[in-house]
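Chain and residue survey
What follows is each chain in one-letter form.
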Amino acid sequence: MKVYERLMEVKDDKYKEFQAKLVPNISPDVIIGVRTPQMRSVAKEVFASEDRDTFLSDSPHKYYEENLVHFFVVSMIKDFDECVERVEEFLPYVDCWPVSDQATPKSFKKNHKKLLPYIKKWIKSDHVYTARFGIRMLMNEFLGEDFKKEYLGIVASKKCDDYYLKMMVAWYFATALAKQYDEAVKYIEERRLDEWVHKKAIQKAVESYRVTDEHKDYLKSFR
């Protein structure tokens, strides 16, 4: 199946304008204008088709939505080893935050022990969106039962000037303040984050419904 043709069938020109404003670091010329539910539907078709492997091997894609469909397809692969191999093949081509953020491989949840070394490697990457994806996976998968306080240090030590990566670090700590408050708050109290990240993490935590009012009032004192 031709993924581009399927995407063109469900395009929305007004949504393209909205999307172009949301992702200012890529050219509007490579945005078709397709909403996420439609892209997920196309991804399901691709996943079930004989052309799946051909499409996944055809990177880099020209269009933003093709990249999103690609990552949605990869996320549906049930075998962890195959899935993570496809993730690693694709990450160098990820060029914006929505492609980095919207796909969460299902096989990762049951394979934390095997996943962790990959996450650590991704976070160390100099490629912004590989590192962003790694931090998001650490946030999604390792702020619950498998949390260790050393993971906070891994994220805090990621220094960069890129807005989208700094925002991901702040998002991680805001989520950690909701899920692992006692350990995460030490990074705020001791000001162990870069000033911009420190303030943004507090802002996002204060805006979160998952952080208690008492904790919010305390965090505000460190702005």
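Whatever comes next refers back to the structure up there.
In what follows, the accompanying structure is described. (Residues numbered from 1 in each chain as written. Predicted model: local features only at pLDDT ≥ 70, side-chain atom pairs only at ≥ 80, totals over all residues. Heavy atoms only, no water.)

1. Describing the overall build of the protein chain
Looking only at helices and strands, one finds 14 helices and zero strands in the protein chain. The C-alpha radius of gyration computed for the protein chain amounts to 19 Å, which stays within 12% of the reference 17 Å derived for 223 residues, consistent with globular compactness. Seen along its three principal axes, the alpha-carbon backbone of the protein chain occupies a region of about 55 × 40 × 30 Å. Out of the 223 residues in the protein chain, the part that is buried amounts to 51%. Taking the intrachain contacts of the protein chain between residues at least 6 apart in sequence as the baseline, contacts between residues at least 24 apart amount to 70%. Put simply, the protein chain shows about 11600 Å² of open surface, and 48% of that area lies on carbon and sulfur atoms. Each charge sign in the protein chain was given a centre, from 39 positive and 38 negative side chains, and these centres are 4 Å apart. (Helix = DSSP H or I, 4+ residues; strand = E, 2+ residues; numbered from the N terminus. Rg over C-alpha atoms; globule rule 2.2 N^0.38 Å. Buried < 20%, exposed > 50% of the residue type's maximum accessible area, 1.4 Å probe, protein only. Contact = heavy atoms within 4.5 Å. Areas by Shrake-Rupley, 256 points an atom, 1.4 Å probe, with all protein chains shown as cover. Lys, Arg positive; Asp, Glu negative; His and termini not counted. Charge placed at Lys NZ, Arg CZ, Asp CG, Glu CD.)

2. Quick look at the packing of aromatic side chains
What describes a pair of aromatic rings is the distance from one ring centre to the other and the angle between the planes of the rings. Under the criterion given, the structure shown has 16 aromatic pairs. Relative to Tyr-63, the ring of Tyr-4 lies with its centre 5.0 Å away and its plane at 25 degrees, an arrangement referred to as stacked. Note that Tyr-4 is positioned in helix α1 (residues 3-9) and Tyr-63 in the loop between α4 (52-56) and α5 (64-75), a separation of 59 residues in sequence. On the basis of relative accessible area, Tyr-63 is assigned to the buried category, the value being 15%. Ring centres of Tyr-118 and Trp-122 lie 6.0 Å apart, and the angle between their planes is 35 degrees; on these two criteria the pair is classed as tilted. With Tyr-118 and Trp-122 both in helix α8 (residues 112-124) and four residues apart, the pair spans about one turn of that helix. The positively charged end of Arg-40 is found above the aromatic ring belonging to Phe-72, 4.1 Å away from the centroid. Between Arg-192 and the ring centre of Tyr-187, over which it is positioned, the NZ or CZ distance is 4.0 Å. (Phe/Tyr/Trp six-rings, centres within 6.5 Å; stacked < 30°, edge-to-face > 60°. Lys NZ or Arg CZ within 6 Å of the ring centre and 35° of its normal.)

3. What to know about the environment of Glu-189
Structurally, Glu-189 can be placed in helix α12 (residues 181-189). Classification of Glu-189 as partly exposed rests on a relative accessible area of 35%. Leaving out residues up to four positions away in the same chain, Glu-189 has contacts with Tyr-218 and Phe-222.

Scope: geometric values only; no functional claims are made or implied.
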